[in-house]
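Structure assessment
One letter stands for each residue in the lines below.
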Amino acid sequence: MATKGASAGTGRPYAWYFEPLRWLLLGLAHLPLAVLYLFADVIYCLLAYVVRYRWRVVTENLRNSFPEKSPAEIERIGKAFYRHFSQVIIEILRLAAISPDELRERMRFVNPELMTRYFAEKRLVLSLGSHMGNWEWILSGAALEFPGRAAGVYKPLNNLFFESFMRRLRTRLGADAVPMLATLRYLVAHRGQGHTLSLLSDQAAGPEDKPYWTNFLHQDTSFYTSADRLAVQLDCAVLYVGIRRVRRGYYEVTFTELPDGRQAKLAPAGTFPVTEAFARQLEADMRASPEQYLWTHRRWKHKRS
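Below is a summary of the structure that appears in this document.

Let us now look at the overall build of the protein. Assigned secondary structure in the protein consists of twelve helices and eleven strands. Expected size for 305 residues packed as a compact globule is a radius of gyration near 19 Å; at 19 Å, the protein falls within 12% of this value. C-alpha atoms of the protein, sized along the principal axes, occupy 55 × 50 × 40 Å. Sequence separation of 24 or more characterises 76% of the internal contacts of the protein that already satisfy a separation of 6 or more. Once the 41 positive and 29 negative side-chain charges of the protein are each reduced to a mean point, those two points are 4 Å apart.

And the structure:
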């Protein structure tokens with residue numbers, strides 16, 4: 001027996017026993033953020049002091065990224081990260097119920113004219129983001145700031161319930177959610193329409209991905225090169241999407257122009273100017289606000305051969 005709910009990525013229904021969880025999450029999502037932040041405080045205490053969720057990974061990442069910082073500073077940044085991460089968890093849940101007006105108030109786009117200029121030229125724009133700030137709010141905020149023009153690439157989840165639930169969060173305010181394997185097809189379909197596609201470009205690329213290696217936060221770091229290849233192939237403009245939490249529940253998004261497809265096409269063979277420029281912008285943001293980055297994932301698990 002299955003419910004009527006289904007994963008849009010697979011078309012298959014999820015099991016009936018997830019229905020109580022769905023209603024619980026939706027009920028929590030309708031609570032005001034001021035109330036939800038009380039839950040965030042509890043989550044913070046559990047993650048940082050009881051469960052110590054991936055504490056070893058977090059501290060190892062921080063020590064390697066900031067060797068100039070003392071153990072006390074690393075401890076402080078680690079605890080500040082868990083507080084930030086706990087707030088992001090409930091803010092993502094709130095997407096299931098937040099109103100357009102409330103999200104517009106909480107997400108300020110500092111220089112949207114950089115994006116709209118390319119829309120006026122009918123160009124595709126690759127928006128390169130990362131796991132800084134609240135990466136899920138960016139897409140919904142962009143859908144409100146640029147109606148009918150914003151989409152984001154995501155990796156479908158294996159659990160059908162969470163795949164369906166997260167897809168609903170990402171699309172309810174007007175954004176398109178594009179499975180990774182459909183990226184090129186989506187871009188081709190929207191070519192010449194003035195559209196932006198967001199990619200989180202800070203994941204750890206493996207050897208099979210033929211990554212670009214660069215020194216990043218004192219470490220050899222692998223990056224996917226799809227942004228360079230797509231920009232050249234489809235003549236895309238490219239913007240770096242920087243986001244920072246200015247206070248609890250409020251963010252600012254700033255666009256920075258990166259080399260576009262025309263510039264990348266002229267670059268020497270074997271170089272990846274888009275990816276390199278993205279890495280330098282992200283590195284600067286992580287140094288400025290290290291507690292706002294997602295340190296729990298194993299960003300440096302691959303080694304250069």
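Continuing now.
Another point: the sheet that holds strand E5 (residues 150-154). One open sheet holds the seven strands; their spatial order is E3-E11-E10-E4-E7-E5-E6, and the pairing between them is mixed. On the outer flanks of this sheet lie strand E3 (107-109) and strand E6 (176-179), each paired with one strand and no other. Between one strand axis and the next, the sheet turns through 30° on average, direction left out of account. Direction of pairing for E3 relative to strand E11 (residues 250-257): parallel, over a ladder of three bridges. The residue bridging Phe109 from the neighbouring strand is Val253, located in E11. The strands touched by helix H12 (residues 273-288) within the sheet are strand E4 (124-129), strand E10 (237-247) and E11, with E10 carrying the most contacts at an inclination of about 10°.

To continue, consider the side chain of Arg170. Note that Arg170 resides in helix H8 (residues 160-171). Owing to a relative accessible area of 16%, Arg170 belongs among the buried residues under this scheme. The residues contacting Arg170, other than those within four sequence positions of it, are Glu136, Leu139, Ser140, Tyr154 and Ala175.

With that settled, the discussion passes to the side chain of Glu283. Here Glu283 shows up in helix H12. Accessibility expressed as a relative area gives 13% for Glu283, which makes it buried. A polar atom in the side chain of Glu283 sits 2.7 Å from the backbone nitrogen of Leu217. Residues contacting Glu283, with those up to four places away along its chain left out, are Asn215, Phe216 and Leu217.

Let us look at the packing of aromatic side chains. According to the stated counting rule, one finds 22 aromatic pairs in the structure shown. Plain terms: the ring middles of Trp137 and Tyr251 are 5.7 Å apart, the flat faces sit at 75° to each other, and that makes the pair edge-to-face. Here the residue Trp137 occupies a position in helix H7 (residues 135-145), and Tyr251 occupies one in strand E11, the gap between them amounting to 114 residues. Assessed through its relative accessible area of 0%, Trp137 is described here as buried. Ring centres 6.2 Å apart and planes at 80° place the aromatic pair Phe223 and Phe278 in the edge-to-face group.

Let's shift gears to a positive patch on the surface. Taken together, the side chains of Arg54, Lys155, Arg298, Lys301 and Lys303 make up a positively charged region of the molecular surface. Structurally, Lys303 can be placed in the segment after H12.

Each value, and the rule that gives it
- Residues numbered from 1 in each chain as written.
- Predicted model: local features only at pLDDT ≥ 70, side-chain atom pairs only at ≥ 80, totals over all residues.
- Heavy atoms only, no water.
- Helix = DSSP H or I, 4+ residues; strand = E, 2+ residues; numbered from the N terminus.
- Rg over C-alpha atoms; globule rule 2.2 N^0.38 Å.
- Contact = heavy atoms within 4.5 Å.
- Lys, Arg positive; Asp, Glu negative; His and termini not counted.
- Charge placed at Lys NZ, Arg CZ, Asp CG, Glu CD.
- Pairing = 2+ DSSP bridges.
- Axes fitted to C-alpha atoms, helices over the stretch in contact; angles between N-to-C directions.
- Buried < 20%, exposed > 50% of the residue type's maximum accessible area, 1.4 Å probe, protein only.
- Polar contact = N/O pair within 3.5 Å; in protein donor to acceptor, adjacent residues only side chain to side chain.
- Phe/Tyr/Trp six-rings, centres within 6.5 Å; stacked < 30°, edge-to-face > 60°.
- Patch = residues over 30% accessible without salt bridge, like charges linked within 9 Å, V, L, I, M, F, W, Y side chains within 5 Å.
- Areas by Shrake-Rupley, 256 points an atom, 1.4 Å probe, with all protein chains shown as cover.
- Salt bridge = Lys/Arg side-chain N within 4 Å of Asp/Glu carboxyl O.

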